[in-house]
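In case you want the letters, here they are:
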Amino acid sequence: MNKNYYAILMAGGIGSRFWPVSTREFPKQFHDMLGSGETLIQKTFSRLSQIIPKENILILTHESYNELILEQLPMVKQDQIVLEPAMRNTAACILYASLKIKKLNPNAVMVVAPSDHWIEDEMQFVANLQRSFDLCEREGTLMTLGILPTAPNTGYGYIEFDKLDSRSIKKVVQFREKPDFKTARRFIQSRNYLWNAGIFIWSVQSILKAFEEFQPEMFALFMEGYEVYNSDKESAFIQENYPKADNISIDYAIMENAKNVYVLPATFDWNDLGTWGSLHEKLPKDDNNNAVVNAAVLLQNASNNIISTAVGKQVIVDGLDDYIIVDKDSVLLIYPKSKEQEIKGIVSQLKS
């Protein structure tokens, strides 16, 4: 394996739309959401390690999840876990991890990838990643992998690429926010938009140059600690200074400002597993389009539902169509799938 290849695995999210299974204390990346015998973070680590040395995979997460990661990824050493003392979106943690990687290997090229997505055809994923690494090693480009849209989905951001660019790797025109349905349909019809999967590839030199140009204050803040990174003095510096960083995403901070951004339309099937509905799409279904995780079910006049419980729990359903049925500990959720985007708000109401 190429010793210059690194990964930053993003594992600090809460996954609140997957409540009640995913909670702040135990978010979805640490669950076996697909009933496959592996948690989402275990599957992602395994996928990345097909092309990246295991010791070169850094895991970015909140400090409260440190023990969960060590438990689920026993091959990972403590110094591979990059802990955020405060949640500051994606720009700050990517800059911090990139500086740590530069100190280890100034010739590094890296992928930044979410820990909780579903990817089918891992051979194609590895091939797409290899193409991106090759380009980023040769040229100072900032790369992303875009997903060919299958429907006018309003839950994803979009990447607009140059319609006239006939190359397989396209020049990015702009990143677009999550649209309304009418706008999403127009994007699909235009045929030069891709879903933004949040997978980025670049050399460590290129991304740090971009931070220095477009986020000079944040770059200066984290550079103050450069001498202590990867040492026993690092934690004290980060505890004091990390909360001072702006709360801004990598898209806003860098990707929307840089002019050297390119996208490769991915050749693998992808799903962000962001909601119960998206999980339903990827699970095996019965003749009535019901998907079941772990439960033992008796279904009558029931269709298009997703049912998730503890292993072997008996569930009897009659007369429900297009519902989310989830039993977890002291919570039972029975909720229309068509209103799944509202689950996050319900969780907030319960806490207030």
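Think of each chain on its own: its residues are numbered from 1, step by step along the sequence as written. Reporting of local features is limited, given that this is a predicted model, to residues whose pLDDT is at least 70; pairs of side-chain atoms are given and counted only at 80 or more, and all residues count toward the totals for whole chains, interfaces and linings. The basis for every side-chain value is the complete set of heavy atoms in the structure, and neither hydrogens nor water enter the calculation.

The name an unreviewed UniProt entry assigns to the protein chain is mannose-1-phosphate guanylyltransferase, from the organism Flavobacterium laiguense. We quote the UniProt Catalytic activity (unreviewed entry) comment for the protein chain here in full: "alpha-D-mannose 1-phosphate + GTP + H(+) = GDP-alpha-D-mannose + diphosphate". UniProt positions are given in the numbering used here, feature names are shortened, and annotations may be inferred rather than shown by experiment.

Engineer: Describe the layout of surface pockets, naming the residues involved and giving the relevant values.
Structural biologist: Any residue with an atom within 4 Å of a point lines the site, the site being either a cavity, points on a 1 Å grid over the protein atoms alone where a 1.4 Å probe fits but cannot get out, or a pocket, an open set with protein on both sides within 12 Å along at least 5 of 7 lines. Grid points are joined across faces, edges and corners, and a volume is the space filled by probe spheres set on the points. Its volume calculated, the second largest pocket comes out at about 500 Å³. Residue lining of the second largest pocket: 23 residues in total, with Q78, D79, I81, K100 and E234 positioned closest to the centre. Only DSSP runs of H or I covering at least 4 residues are called helices, and only runs of E covering at least 2 are called strands; the numbering of each starts at the N terminus. Listing elements by their share of the lining of the second largest pocket, those giving two or more residues are β3 (81-84), α3 (89-104) and α8 (234-241). Note on residue classes: Ala, Val, Leu, Ile, Met, Phe, Trp, Tyr, Cys and Pro are nonpolar, Asp, Glu, Lys and Arg are charged, and everything else, Gly too, is polar. Tallied by class, residues from the lining of the second largest pocket come to nine nonpolar, seven polar and seven charged.

Engineer: I'd like a rundown of the nonpolar core, residues and numbers included.
Structural biologist: In this description, a nonpolar core means a group of buried Ala, Val, Leu, Ile, Met, Phe, Trp, Tyr and Cys residues linked to one another through side-chain atoms lying within 4.5 Å. Throughout this description, buried means an accessible area under 20% of the type-specific maximum (1.4 Å probe, protein chains only), exposed means over 50%, and partly exposed covers the range between. One finds L142, W202, F211, F222 and I254 to be the most contacted residues of the largest nonpolar core, which totals 49 residues. With nine residues, the top contributor of residues to this core is α3. Here a residue-residue contact requires only that any non-hydrogen atoms of the pair lie within 4.5 Å. With residues up to four places along the chain from it excluded, the contact list for F211 reads A91, I94, L95, P216, M218, F219, I250 and I254.

Engineer: Requested: an account of the packing of aromatic side chains, with residues and values cited.
Structural biologist: The relative placement of two aromatic rings is captured by the distance of their centres and the angle of their planes. Two rings from Phe, Tyr or Trp (for Trp, the six-membered ring) form a pair when their centres are within 6.5 Å of each other. A pair whose planes differ by under 30 degrees is stacked, one over 60 is edge-to-face, and the rest are tilted. This structure, assessed with the given rule, holds 17 aromatic pairs. When the centroid spacing of 6.1 Å and the interplanar angle of 65 degrees are considered together, the rings of Y96 and Y242 count as edge-to-face. Of the two residues, Y96 is situated in helix α3 and Y242 in the loop between α8 and α9 (250-255); the sequence distance between them amounts to 146 residues. For Y96, a relative accessible area of 4% corresponds to the buried category. Judged by its relative accessible area of 0%, Y242 is buried. Of the aromatic side chains, those joined through ring pairs into one cluster are Y96, F222, Y226, Y229, F237 and Y242. Stacked on the ring of Y226, the Lys or Arg K103 has its end atom at 5.6 Å from the ring centre. Charge-over-ring contacts are defined here by two conditions on Lys NZ or Arg CZ: a distance within 6 Å of the ring centre and an angle within 35 degrees of the ring normal.

Engineer: An account of the sheet that holds strand β14 (residues 306-308) is requested, with residue identities and associated values reported.
Structural biologist: Pairing between sheet strands relies on hydrogen bonds along the backbone, with the strands arranged either parallel or antiparallel. Each pair of strands is called paired provided DSSP finds at least two bridges between the two strands. Strand order in the open sheet formed by four strands is β12-β14-β16-β17, with mixed pairing between adjacent strands. Every interior strand has two partners, whereas the edge strands, β12 (291-293) and β17 (331-336), have only one. Shown here is a sheet whose adjacent strand axes are inclined to one another by a mean of 5 degrees, direction ignored. One ladder, built from six bridges, connects strand β16 (residues 323-328) with β17; its direction is antiparallel. Bridging from a neighbouring strand, D327 pairs with L332 of β17. Lines fitted to C-alpha atoms define the axes here, with helix axes fitted over just the stretch in contact, and angles between the N-to-C directions of these axes take values from 0 to 180 degrees.

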